[in-house]
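What the coordinates show
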Amino acid sequence: MSKLAQLAATASAPPCCPSLTDRELTDEEAEVTAAMFKALGDPVRLRLFSKVASHPDGEACVCDIADVGVSQPTVSHHLKKLREAGLLLSERRGTWVYYRLAPSVLAALSGFLTTRD
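Rules behind the numbers
Residues numbered from 1 in each chain as written. Predicted model: local features only at pLDDT ≥ 70, side-chain atom pairs only at ≥ 80, totals over all residues. Heavy atoms only, no water. Buried < 20%, exposed > 50% of the residue type's maximum accessible area, 1.4 Å probe, protein only. Helix = DSSP H or I, 4+ residues; strand = E, 2+ residues; numbered from the N terminus. Pairing = 2+ DSSP bridges.

The name given to the protein chain in an unreviewed UniProt entry is Metalloregulator ArsR/SmtB family transcription factor, with Streptomyces anthocyanicus as the source organism.

Because side chains alternate across strand 3 (residues 96–101), one face comprises the buried residues Val97, Tyr99 and Leu101, and the other comprises Trp96, Tyr98 and Arg100, none of which is buried. The pairing of strand 1 (residues 60–61) with strand 3 spans two bridges and is antiparallel. Within strand 3, the position partnered with Cys61 by the bridge is Tyr98. Bridge count between strand 2 (residues 88–93) and strand 3: six bridges; the pairing is antiparallel. Within the sheet, the bridge partner assigned to Glu91 lies in strand 3 and is Tyr98.

Below, the structure is given as structure tokens:
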């Protein structure tokens, strides 16, 4: 497991951080959050993340999401970056790999950008 994935798994408010308006981020929270947003800053990664997030079964086979206009090795590279950032989890089943969102990742990222009253 990469250092970023370990940090994401052990952050104080898994897998990300408190609302940006709650308080200042700790160094660890800033590192984890920056890695997540950096991973999503690439259009291909954002499309792959969206395909997994919106898949009806809650998880998607790489065979179902690889049509993003790049080669299969490039898709694998981008999925690896999303996993390393703590955004996706993967499981190999036979010859295929299935991806799902890391628990509560959407809520954490959206909560980070939401103003708390």
